[in-house]
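Inside the fold
This is what each chain is made of:
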Amino acid sequence: MATPRVSIIVTVFNRTEFLPAALQGALNQSFQDFEIIVTDDSASPAIQAICEGFGSDRIRYRTNSERLGVALNLRAAVAEAKGTYIAILNDDDIWEAEFLARLVPPLDADQGRVLAFSDHWIIDGKGSVDVAETDANSARYGRAALPEGEVADLAELVLIKNGVPLAMGSVFRRDAFDWARVVKEVSGAYDYWISCLLVSSGGRAYYVAQRLTRYRVHGAMETVRKSADKNENQVFINQRLLADKAFSKYEGVLKQRYAWALYTVGKDLLAFDRKQEARDHLSRSIRVVFDKKAFACLCLSYLPAPLRSAVFALARG
C-alpha cells in the first residue's frame with residue numbers, strides 16, 4: 001500500500017507460537033487502511049515463513065543486519081513505516097476486529113490528540129479469557145473508572161498508574177515525538193517510555209472505554225525472564241524523567257522510583273555475585289532517597305557469598 005493511514009509494527013524475536021493468531025487478528029480489522037511490518041530481530045526463517053504463508057501484500061517481513069534489541073528493532077521498523085499513525089502489536093497478543101475502527105477516528109477528528117487507547121482483556125496461553133484478572137487489571141491501572149473521551153490528566157495516568165497499554169492497546173501519531181529518543185537503554189520498557197514521550201509532547205489523549213485487545217499471559221513472557229540487569233531500564237527512564245521539565249510536578253515520585261530502581265538492580269546484581277556493581281547501584285540509591293532495605297542490602301554485599309545466599313534464602317522464606 002502506497003500511503004496507509006496506520007502502520008502496524010509487530011516486533012518479534014525467535015518466538016513463533018502465537019504470531020499467526022496476532023497477524024490474523026490484525027488482518028481481520030474492519031478498518032482496512034493499514035500496513036503490517038513484522039520486524040524480526042532474530043532473522044528467523046520460521047518467522048519469515050509464517051509471514052509469507054499469509055500471502056498478504058499488507059504484511060512485510062523485515063530483519064536487521066545485527067541484533068538491535070527490542071527498542072531499536074521497533075525504531076528501525078518505524079523508520080520504514082509509511083503510516084500517519086503507529087500501532088504496536090505484541091506477537092503474543094490479539095486485537096478485536098473493531099480495534100482500529102474505534103481508535104483511529106478520535107485521532108482523525110482532532111490534530112491535537114496524539115494518542116488513542118482502549119482497555120483490554122487478559123487471556124492465558126490457550127486464549128481463554130480470565131474475567132476476574134481482567135477486571136482487577138483494569139482497576140489496578142486506573143482504567144476501570146476512566147470515562148470515555150479525552151483524558152483529563154494524561155501525565156498522572158501514565159506516571160502514577162501506568163494506565164496506557166501502549167504496546168498492544170493504542171494508536172498514536174508517528175510524528176508526535178523524536179524517535180531518536182527511543183534508545184536501546186529503555187529495552188523492554190519501551191512502551192512506558194513512549195507513553196512518557198507522548199505526555200512530554202504536550203498532546204492530548206482519547207480513551208475508548210471498551211476492551212478491544214487481548215493481552216496474553218504465559219510462561220515465555222519477557223516479564224518472567226531473570227537477569228542481573230533486567231531493571232536497568234527503569235534506572236535510565238526515571239533518571240531521564242527527573243530531568244524533563246514536563247514532569248517537574250512529579251519530582252518526589254520520580255525520585256522514589258529512581259532510588260527504588262537503583263536498589264532493585266543492585267539487589268539483582270548481588271544475587272548474581274556482581275558485588276562491586278551492586279554496591280555502586282545501592283550506594284547511589286541511598287544517596288537519592290535513603291531506604292532501610294537498600295542500606296541492608298549494601299551491608300550484605302560485604303558478607304561472604306555463602307552467608308549472603310543464606311540470608312537471601314531466609315528472607316524469601
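Up top is the structure.
The following refers to the structure shown. (Residues numbered from 1 in each chain as written. Predicted model: local features only at pLDDT ≥ 70, side-chain atom pairs only at ≥ 80, totals over all residues. Heavy atoms only, no water.)

**Structural notes on the overall build of the protein chain**
- Looking only at helices and strands, the protein chain has 12 helices and 9 strands in total.
- Rg of the C-alpha trace for the protein chain: 21 Å, near the compact-globule value of 20 Å for 317 residues, within the 12% margin.
- Considered along the principal axes of its C-alpha atoms, the protein chain spans approximately 60 × 45 × 40 Å.
- For the protein chain, the proportion of its 317 residues judged to be buried stands at 50%.
- A fraction of 74% describes how many contacts in the protein chain between residues 6 or more apart in sequence connect residues 24 or more apart.
- Accessible surface, the protein chain: about 14,500 Å² in total, of which carbon and sulfur atoms supply 53%.
- Seen as two clouds, the 40 positive and the 39 negative side-chain charges of the protein chain have centres 6 Å apart. (Helix = DSSP H or I, 4+ residues; strand = E, 2+ residues; numbered from the N terminus. Rg over C-alpha atoms; globule rule 2.2 N^0.38 Å. Buried < 20%, exposed > 50% of the residue type's maximum accessible area, 1.4 Å probe, protein only. Contact = heavy atoms within 4.5 Å. Areas by Shrake-Rupley, 256 points an atom, 1.4 Å probe, with all protein chains shown as cover. Lys, Arg positive; Asp, Glu negative; His and termini not counted. Charge placed at Lys NZ, Arg CZ, Asp CG, Glu CD.)

**Here's the deal with helix α9 (residues 251-271)**
- A rise of 1.5 Å per residue sets the reference length of α9, with its 21 residues, at 30 Å; its end C-alpha atoms lie 30 Å apart and thus fit the reference within 8%.
- Regarding α9, the residues found buried are L254, Y258, A259, A261, L262, Y263, T264, V265, G266, D268, L269 and L270.
- With its phi angle positive at about 60 degrees, D273 sits one or two positions after the end of α9. (Expected span 1.5 Å × (residues − 1).)

**Some words on the side chain of R62**
- Locating R62 in the fold gives a position in strand β3 (residues 59-63).
- The class for R62 is buried, based on a relative accessible area of 10%.
- Side-chain polar atoms of R62 contact the side chain of T39, separated by 2.8 Å.
- A distance of 3.1 Å separates the side chain of R62 from the side chain of E80, its partner in a polar contact.
- Setting aside its immediate chain neighbours within four residues, R62 contacts I37, V38, T39, D40, N73, A76, A77 and E80. (Polar contact = N/O pair within 3.5 Å; in protein donor to acceptor, adjacent residues only side chain to side chain.)

**Structural notes on the packing of α9 against helix α11 (residues 292-300)**
- Packing of α9 against α11 brings their axes to within 10 Å, and their N-to-C directions diverge by 25 degrees. As summarised for this structure, α9 and α11 are arranged roughly parallel, according to the angle between their axes. The way α9 lies across α11 gives a crossing that is left-handed. Only K293, A294, C297 and L300 of α11 make contact with α9, whose side of the interface consists of W260, Y263, K267 and L270.
- Its residues assigned to classes, the contact of α9 with α11 shows 6 nonpolar, no polar and 2 charged. (Axes fitted to C-alpha atoms, helices over the stretch in contact; angles between N-to-C directions. Parallel < 35°, antiparallel > 145°, perpendicular 65-115°, else oblique. Left-handed = near helix turned anticlockwise from the far one by under 90°. Nonpolar A, V, L, I, M, F, W, Y, C, P; charged D, E, K, R; others polar.)

**Here we look at the environment of Y302**
- Considering the arrangement of structural elements, one finds Y302 in the loop between α11 and α12 (305-316).
- Residues Y302 and R279, spaced 23 residues apart in sequence, show a C-alpha to C-alpha distance of 9.1 Å.

**Regarding unusual backbone geometry**
- In this model, A43 sits at a positive phi of 50 degrees, which is unusual for a non-glycine residue.
- Secondary-structure assignment places A43 in the loop between β2 (34-40) and α2 (45-53).
- Phi at N162 takes a positive value of approximately 50 degrees, unusual for a residue other than glycine.
- By relative accessible area, N162 is classed as partly exposed at 34%.

**Concerning the pairing of strand β9 (residues 204-216)**
- One ladder, built from 2 bridges, connects strand β5 (residues 94-95) with β9; its direction is antiparallel. What sits directly across from W95, in β9, is T213.
- Here strand β6 (residues 113-123) pairs with β9 via 10 bridges, running parallel. Note on β9: the bridge partner recorded for I122 is Y215.
- Of the pairings in the sheet, the one linking strand β7 (residues 149-150) to β9 comprises 2 bridges and is antiparallel in character. Opposite G149, over in β9, you have Y207 as the bridge partner. (Pairing = 2+ DSSP bridges.)

**Some points on the pattern of salt bridges**
- This structure, assessed with the given rule, holds 20 salt bridges.
- Across the pair R143 and D119 runs a salt bridge, and its minimum N-O distance is 2.8 Å. With R143 in the loop between α5 (131-140) and β7 and D119 in strand β6, this pair connects stretches of sequence that are 24 residues apart. You'll find R143 and D119 in the same group, each marked buried.
- A single salt-bridge network, built from bridges that share partners, covers D110, R113, E150 and R204. (Salt bridge = Lys/Arg side-chain N within 4 Å of Asp/Glu carboxyl O.)

**What to know about the packing of aromatic side chains**
- Across all of its chains, the model carries 8 aromatic pairs by this definition.
- Look at W193 and F236: their rings are 6.2 Å apart centre to centre, the planes differ by 65 degrees, and that puts the pair in the edge-to-face class. Taken together, the residues span a long stretch of sequence, with W193 in helix α7 (residues 190-200) and F236 in helix α8 (residues 232-242) at a distance of 43 residues. Neither W193 nor F236 differs from the other in exposure class; each is buried. (Phe/Tyr/Trp six-rings, centres within 6.5 Å; stacked < 30°, edge-to-face > 60°.)

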